[in-house]
Amino acid sequence: QSERNLSWFTDTGVGESVQVAQGEHSELPDDAQTFEQTERGASDDGVNDYVHATVTGLEPGTTYSYRVGSDEGGWSDVMTFVNHDEDLEHSFTFIGDAQIGSSGDIDSDGNGWQTTLDRSNEMFPDSHFLLSAGDQIETGSGNPDEYQSYLAPEQMRTQTSAQTLGNHDYAGDEPQALFGQHFNLPNQWEGDPTGGNYWFTQNGVLHLNISTENRDFESHREFI
């Protein structure tokens, strides 16, 4: 409830961070809080670095504005998100198989994904977050263009989402690098070689995300 994991790609070559302030702002105030990057490395897209950071100390029932980047390399646009009240009924939007690229037309799939998010916002305006059952993209080895289309909607920067590792997000017999670079998963279990088992809590509800790409079912029992 009090934390958010962020990830972004950059080609600036300089250290970057997250700046966060309470309220809705077009420009962040001088007292915005800074959170340093927790992980950084060369992305498998062959162009960028991926960056992970964790924002902590968030208050319930509060709107926040944030940006990522640096003074030296430049900042992203300021975006907002809402940290929901703790006493709200636990509600999330469950979705599966966005699978950008599965039709053979990435642009068309991306347009459909945008429409899906727009319609889900209309139907479920009080949803706390989006929970994906897996298969964010089509190509198991990882396709940067498919990921770019999946992450293009503004909702992916203004609404919390939790991704599950699907078979199309997995490189056959080893973890797909781009999945782990794009999605900064919390509380990953070290006993899962696929990197897909993790947990989080929201509004007092425990969520266990289990990677079925790991076929060692006894290890899942240990995780649970």
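Above this text sits the structure in question.
Throughout what follows, the structure given in this document is the object of discussion. (Residues numbered from 1 in each chain as written. Predicted model: local features only at pLDDT ≥ 70, side-chain atom pairs only at ≥ 80, totals over all residues. Heavy atoms only, no water.)

Points about a nonpolar patch on the surface
Moving on, step 1. Taken together, the side chains of Trp199, Leu206, Leu208, Ile210 and Ile224 define a hydrophobic patch exposed on the protein surface, amounting to about 460 Å² of accessible area.
Moving on, step 2. For leucine 208, the location among the structural elements is in strand 12 (residues 205-209).
Moving on, step 3. Given a relative accessible area of 35%, leucine 208 falls into the partly exposed group. (Patch = residues over 30% accessible without salt bridge, like charges linked within 9 Å, V, L, I, M, F, W, Y side chains within 5 Å. Areas by Shrake-Rupley, 256 points an atom, 1.4 Å probe, with all protein chains shown as cover. Salt bridge = Lys/Arg side-chain N within 4 Å of Asp/Glu carboxyl O. Helix = DSSP H or I, 4+ residues; strand = E, 2+ residues; numbered from the N terminus. Buried < 20%, exposed > 50% of the residue type's maximum accessible area, 1.4 Å probe, protein only.)

Section: the nonpolar core
Moving on, step 1. Trp113, Tyr147, Tyr150, Phe179 and Phe183 are the most contacted members of the largest nonpolar core, which has 20 residues in total.
Moving on, step 2. Among the secondary structure elements, those contributing two or more residues to this core are helix 1 (106-123), strand 9 (130-132), helix 2 (144-151), helix 4 (177-182) and strand 11 (198-202).
Moving on, step 3. Residues Val20, Ala53, Leu58 and Val68 belong to the second largest nonpolar core, which totals 14 residues. (Core = buried A, V, L, I, M, F, W, Y, C linked by side-chain atoms within 4.5 Å.)

Some remarks on the packing of helix 1 against helix 2
Moving on, step 1. Contact pair helix 1 / helix 2: the axes reach a minimum separation of 9 Å and the direction vectors enclose 25 degrees. Relative to helix 2, helix 1 is oriented roughly parallel. Where helix 1 crosses over helix 2, the handedness of that crossing is right-handed. The segment helix 1 lies against helix 2, with Ile106, Gly110 and Trp113 engaging Asp145, Glu146, Ser149 and Tyr150.
Moving on, step 2. In the contact of helix 1 with helix 2, the residues fall into three nonpolar, two polar and two charged. (Axes fitted to C-alpha atoms, helices over the stretch in contact; angles between N-to-C directions. Parallel < 35°, antiparallel > 145°, perpendicular 65-115°, else oblique. Left-handed = near helix turned anticlockwise from the far one by under 90°. Contact = heavy atoms within 4.5 Å. Nonpolar A, V, L, I, M, F, W, Y, C, P; charged D, E, K, R; others polar.)

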